[in-house]
Amino acid sequence: MAIRTILTQGDPALNKKCHPVTKFDGKLGDLLDDLKETLAQANGMGLAAPQVGILRRAVIVVPDPEKDEMIELINPEIVAEEGEQDGLEGCLSIPGMWGYVKRPNWVKVRAQDRRGNWFETEGTELAARCFCHELEHLEGHMYDEHTDRLYTSEELDDMMSGEEEDRRRERE
Ligand code: NI
């Protein structure tokens, strides 16, 4: 296993449509293991193969940040979705920035595992957001296309403490 370099915005690999995975071999296994190790080290919620320069339809998702579980999705597609949520999103390829993005509140995803077996998984709220975000990478798109502006963590801290102030004032 090896930590791979995460490409950042501006790298052309991030704007290309990825090819389906057709060989479920040891090389795919190595890529998935590397993606997992790279994601764990970066402390992220998801990582797509194009983010390490591999234009194949493979992503890793951490559906619940409270748990260690990582899901491998090969050739994934969203087969059902419901509702809407608006929330903050970030990306390891746009480090240090966040933006508000609307996503479905629930999605069902169909994908293959590393042996090529098809399965379905689903997620709500943060997990649904994560599935949508990662699958979009495979089309060469990123979340910042869906938001008017990006915020730095300092700007977000200021906004949050401002809201705290407002809430405190409401209580008083
Ligand atoms: Ni991302």
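It should be noted that the structure appears before, not after, this text.
Below or above, wherever it landed, is the structure these notes cover. (Residues numbered from 1 in each chain as written. Predicted model: local features only at pLDDT ≥ 70, side-chain atom pairs only at ≥ 80, totals over all residues. Heavy atoms only, no water.)

### Points about the coordination of the nickel ion
Around the nickel ion, the protein supplies Cys91 (SG), His133 (NE2) and His137 (NE2) as donor atoms, at distances of 2.0 to 2.3 Å. Read in sequence order, the donor residues coordinating the nickel ion give the pattern C-x41-H-x3-H. A residue pair is termed long-range when its members are at least 10 positions apart, and cysteine 91 in strand E4 (residues 85-91) and histidine 137 in helix H2 (residues 125-137) qualify at 46 residues. For the residue pair cysteine 91 and histidine 137, the accessibility class agrees, reading buried in each case. (Donors = N, O, S within 2.8 Å, 3.2 Å for Na, K, Ca; no water. Helix = DSSP H or I, 4+ residues; strand = E, 2+ residues; numbered from the N terminus. Buried < 20%, exposed > 50% of the residue type's maximum accessible area, 1.4 Å probe, protein only.)

### Quick notes on the nonpolar core
By size, the foremost hydrophobic cluster in this structure holds 16 residues, and its most contacted members are Val59, Val61, Leu73, Val107, Val109, Phe131 and Leu138. Elements represented by at least two residues in this core include exactly strand E2 (58-61), strand E3 (71-82), strand E6 (106-112) and H2. Looking at which element gives the most residues to this core, the answer is H2, with 6 residues. Apart from residues no more than four positions distant in its own chain, phenylalanine 131 is found in contact with Val61, Ile71, Leu73, Val107, Val109, Thr121, Glu122 and Gly123. Among the nonpolar cores identified, the runner-up in size contains 13 residues, and Leu28, Leu39, Val62 and Ile74 belong to it. (Core = buried A, V, L, I, M, F, W, Y, C linked by side-chain atoms within 4.5 Å. Contact = heavy atoms within 4.5 Å.)

### What about helix H1 (residues 26-42)?
Taking 1.5 Å per residue as the helical rise, H1 with its 17 residues ought to reach 24 Å, and the 24 Å between its terminal C-alpha atoms agrees with that figure. Its buried side turned inward, H1 meets strand E1 (46-48), E2 and E3. Just downstream of H1 lies asparagine 43, where phi reads positive at about 60°. (Expected span 1.5 Å × (residues − 1).)

### Digging into the pairing of strand E7 (residues 118-124)
Taken together, the 7 bridges between E6 and E7 define a ladder with antiparallel strand orientation. Across the sheet, the residue bridging to tryptophan 106 is threonine 124, located in E7. Between E6 and E7, which follow one another and run antiparallel, lie 5 residues, and glycine 116 among them has a positive phi close to 95°. (Pairing = 2+ DSSP bridges.)

Everything listed here is a matter of geometry and, on its own, says nothing about what the molecule does.
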